[in-house]
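# Notes for the structure review
Residues per chain, in single letters:
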Amino acid sequence: MRKTRVLLLTQWFDPEPTFKGLLFARELVKLGFEVEVLTGFPNYPGGKVYPGYRIRPVCTEEIDGVRVVRVALYPSHSRSAIGRVANYVSFAASACLYGMLGARRPDVIYAYHPPATIGIAATLIRWVRGGSVVMDIQDLWPDTLRATGMVRNPRVLAAVDLVCKWLYRKVDRVVVLSPGFKRLLIERGVPPEKVEVIFNWADESAVSASGADSPAGFPAEGFRVLFAGNMGVAQQLDVAISAAALLAERCCDAKFVFLGGGIDAQRLSARAESMGLENVRFLPPVPMSQVGPYLRHADALLVHLRPDPLFEITIPSKTQAYLAAGRPILMGVGGDAAELVVRSGAGIAFAPGSPEALANSVERLMSLSDSDRATMGKRGADFYERHLCVARGVEAFARVFASSGQRNSE
């Protein structure tokens, strides 16, 4: 019997920081699927092509038994809406062309959203090559575009909304990352049987990597609060800078460490420096394989998104990595994400957008004993293993792919 053939269509893939990348593809291969990845040349989050790569029309790699095809795109990840649109549209056009003419005929086309242009490309490829389309929605558009301020023009937002509604009708299955996403899509007319909730997972091998010594640049003393990941408008990390200032005024020995990059990283670093904050440190991005020691040497791990109704149904992907790392979590996101942390007993949820609430939560964690904080972290790791681990998530996708591929062959 022929294996179910899956085309993974995603604009972000290793070595870019992504959890639906090579790990996902490898696990699907282990479960008996034939996998081909269609992606771009790595440039996220800095908007510059990674060393060792140069943009060509098509480049094919074989990685751990997975065929990875990279197609040309315009590299950009700046505040410029024009640059972002060029980035999204150029990849979608290249992927659509290759998918129609060069890709192996798929049984299932997996489309990773964002951006929505991926869903359009997947739908066009299906018209020519066949197969079922499974769209994995990580960001709800146009809601995310509006919430982050990336797009403010009401006409553009309305047009994006129409495109997304068209995609929801055309694709065969929709996978979402939280119960809140599913509720909202059902309210917008998507049939409930079409929507599947599959929680995100972490790169477990990277998170579990540790070392006896503190990583380079990491504070050796004090209560270390770590934010690891993309620093953009949605994260509103000015709140953490202001909380650091409050804690410094209170003579509290808490230090904030920001690990990563993004469009707001330079501005945030400049602001902390202008305020003379000695308890704030910015560290450059590191490969995902090197993140584990930073997570495990932190005393608390910070998640924060600006207050917005959309983010109350969002579970930021770093949440799973933080849970798996077994360190206490400071969750500055309401709704589903806060409920997850409270339910697991893995940390403290505080009101997003409030420096005072964050500062008070840091002090509350510091007041606990080392043993209590260790117990909090262990509860998070145990919860991750039971409900959110890679094995559970990939098995759920395998069921969706198998049923979609089977319907397509009937």
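Everything discussed here concerns the structure shown above.
The rules we used
- Residues numbered from 1 in each chain as written.
- Predicted model: local features only at pLDDT ≥ 70, side-chain atom pairs only at ≥ 80, totals over all residues.
- Heavy atoms only, no water.
- Helix = DSSP H or I, 4+ residues; strand = E, 2+ residues; numbered from the N terminus.
- Buried < 20%, exposed > 50% of the residue type's maximum accessible area, 1.4 Å probe, protein only.
- Contact = heavy atoms within 4.5 Å.
- Areas by Shrake-Rupley, 256 points an atom, 1.4 Å probe, with all protein chains shown as cover.
- Lys, Arg positive; Asp, Glu negative; His and termini not counted.
- Charge placed at Lys NZ, Arg CZ, Asp CG, Glu CD.
- Pairing = 2+ DSSP bridges.
- Axes fitted to C-alpha atoms, helices over the stretch in contact; angles between N-to-C directions.
- Expected span 1.5 Å × (residues − 1).
- Right-handed = clockwise from strand over helix to strand, strands pointing away.
- Parallel < 35°, antiparallel > 145°, perpendicular 65-115°, else oblique.
- Left-handed = near helix turned anticlockwise from the far one by under 90°.
- Nonpolar A, V, L, I, M, F, W, Y, C, P; charged D, E, K, R; others polar.
- Phe/Tyr/Trp six-rings, centres within 6.5 Å; stacked < 30°, edge-to-face > 60°.
- Lys NZ or Arg CZ within 6 Å of the ring centre and 35° of its normal.

## Quick word on the overall build of the protein
- Counting its regular elements, the protein contains 15 helices and 14 strands.
- The buried share of the protein, reckoned over its 410 residues, is 55%.
- Relative to all contacts within the protein whose residues are 6 or more apart in sequence, the contacts with residues 24 or more apart total 73%.
- By element, 53% of the accessible surface of the protein is carried by carbon and sulfur atoms, the whole surface being about 17000 Å².
- For the protein, the centre of its 47 positive side-chain charges and the centre of its 40 negative side-chain charges are spaced 6 Å apart.

## Thoughts on the sheet that holds strand 11 (residues 280-283)
- One open sheet accounts for six strands, arranged 11-10-9-12-13-14; its pairing is parallel. The strands lining the two open edges of the sheet, one partner per strand, are strand 11 and strand 14 (347-349). The mean angle between the axes of side-by-side strands here comes to 20°, regardless of whether they run parallel or antiparallel.
- The pairing of strand 12 (residues 300-304) with strand 13 (residues 329-332) spans four bridges and is parallel. Across the sheet, L301 pairs through a bridge with I329, a residue of strand 13.
- Here helix 8 (residues 238-249) sits on the sheet in contact with strand 10 (254-259), strand 11 and strand 12, set at roughly 160° to strand 10.

## Remarks on helix 2 (residues 81-101)
- Over its 21 residues, helix 2 extends 30 Å from the first C-alpha to the last, a length consistent with the 30 Å expected when each residue adds 1.5 Å.
- Those residues of helix 2 that sit buried are G83, R84, N87, Y88, F91, A92, A95, C96, Y98 and G99.

## A short note on the side chain of S178
- Turning to its location among the elements, S178 is positioned in the loop between strand 7 (173-176) and helix 6 (179-187).
- Leaving out residues up to four positions away in the same chain, S178 has contacts with V197, I313, I315 and D336.

## Comments concerning the pairing of strand 13
- Here strand 13 shows two buried faces, one formed by I329 and M331 and the other by L330 and G332.
- Note on the crossover from strand 12 through helix 11 (residues 318-325) to strand 13: the handedness is right-handed.
- One ladder, built from three bridges, connects strand 13 with strand 14; its direction is parallel. Within strand 14, the residue paired with M331 across the bridge is A349.
- Traced from strand 13 through helix 12 (residues 336-344) to strand 14, the parallel crossover comes out right-handed.

## A word on unusual backbone geometry
- The omega torsion of the bond from D14 to P15 falls at 10°, within 30 degrees of zero and hence cis.
- For P15, the position within the fold is in the loop between strand 1 (5-9) and helix 1 (22-30).
- Look at the link from W141 to P142: it is a cis peptide, with omega at 5°.
- With phi around 50°, D64 is a residue other than glycine that occupies positive phi space.
- Tracing the backbone through its elements, the reader meets D64 in the loop between strand 3 (58-63) and strand 4 (66-71).
- D64 gets classed as partly exposed once you look at its relative accessible area, which sits at 49%.

## Here we look at the packing of helix 8 against helix 9 (residues 265-274)
- Relative orientation of the contacting elements helix 8 and helix 9 amounts to 15°, with a least axis distance of 10 Å. When the interaxial angle is binned, helix 8 and helix 9 end up roughly parallel. Between helix 8 and helix 9 lies a crossing of right-handed hand. Contacts from D238, I241 and S242 of helix 8 reach helix 9 at R267, L268, R271 and A272.
- Taken together, the residues of the contact of helix 8 with helix 9 break down into three nonpolar, one polar and three charged.

## Looking at the packing of aromatic side chains
- Counted according to the given criterion, the structure contains 15 aromatic pairs.
- Taking the centre distance of 5.9 Å and the plane angle of 45° together, the rings of Y88 and W141 count as tilted. In this pair, Y88 sits in helix 2 while W141 sits in the loop between strand 6 (132-137) and helix 4 (143-148), placing the two residues 53 residues apart along the sequence.
- Residue Y88 is classed as buried on the basis of its relative accessible area of 9%.
- A cation sits over an aromatic face here: K20 above W201, 5.2 Å from the ring centre.

## What about the sheet that holds strand 6?
- Taken together, the eight strands give an open sheet; going across it, the order is 3-4-2-1-5-6-7-8, and neighbouring strands pair in mixed fashion. Sheet topology places strand 3 and strand 8 (195-197) at the edges, where each strand pairs with a single neighbour. With strand direction ignored, the average angle separating the axes of adjacent strands in the sheet is 20°.
- Strand direction decides the pairing type here: strand 2 (residues 34-40) and strand 4, joined by five bridges, are parallel. Bridge pairing links V37 to V68 in strand 4.
- Lying on the sheet, helix 1 is in contact with strand 1, strand 2, strand 3, strand 4 and strand 5 (108-113); it crosses strand 2 at an angle near 165°.

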